[in-house]
Amino acid sequence: MKSAVLVIDMQCALFKPMPPPGDADAVIARINALTARARRTGVPVVFIQHQTATEPMRAGSAGWNLVPALAVEATDLRLDKTTPDAFLHTGLQAMLHAHAIDRLVVCGYASEFCVDTTVRRAAAHGYPVTLVADAHTTHDKPHASAARIRAHENATLPAISSFGVRIQALPATEIVFG
């Protein structure tokens, strides 16, 4: 199977509020290590950025930019989105077809919104998905900490079998390309 890595919404405006998302520095480091391994084996890396019509997520604005600590290469693919679903009203499906992708590896921000929605939609499109269990994050919420939300997503998404494809959650170091 040919994979692609989707890195979702790792943008300045989402990482600027204090306190930062849970485990933010370690998540960025894991994403950087994962995407470096992917590139070495010819696996496309797609950076997906959320945009709105106004600040702080207006396309091209400082808040819309990817966090500076993220390792981005000129060969990486880019995609903008306007909803939590990276497939809805975007060219993601066409991009994946153009690169003959049939498996997705997903990481990024926010675990319970854009990551969750994109994983479910990918599975609905028939893509087996690997959720990078330790490379997605969110902010603490009144009802649960970022760590609990991440753990919930890591347990819940792989339990879904009705799409007919496998969703698994693996730590970044256990993901093998090629």
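### Observations concerning unusual backbone geometry
So, step 1. Cis geometry marks the peptide bond from Glu55 to Pro56, where omega comes out at 5 degrees.
So, step 2. As for its position among the elements, Pro56 is in the loop between strand E2 (45-50) and strand E3 (77-81).
So, step 3. With an omega of -10 degrees, the peptide bond running from Tyr109 to Ala110 counts as cis.
So, step 4. Examined against the element boundaries, Ala110 turns out to sit in the loop between strand E4 (103-109) and helix H4 (111-124).
So, step 5. We note that Asp23 has phi near 60 degrees; this positive angle belongs to a residue other than glycine.
So, step 6. Phi angles above zero are rare outside glycine, and His89 is one such case at about 60 degrees.
So, step 7. Considering the arrangement of structural elements, one finds His89 in the loop between E3 and helix H3 (92-98).
So, step 8. With a relative accessible area of 71%, His89 lands in the exposed category.

About the thresholds
Residues numbered from 1 in each chain as written. Predicted model: local features only at pLDDT ≥ 70, side-chain atom pairs only at ≥ 80, totals over all residues. Heavy atoms only, no water. Helix = DSSP H or I, 4+ residues; strand = E, 2+ residues; numbered from the N terminus. Buried < 20%, exposed > 50% of the residue type's maximum accessible area, 1.4 Å probe, protein only.

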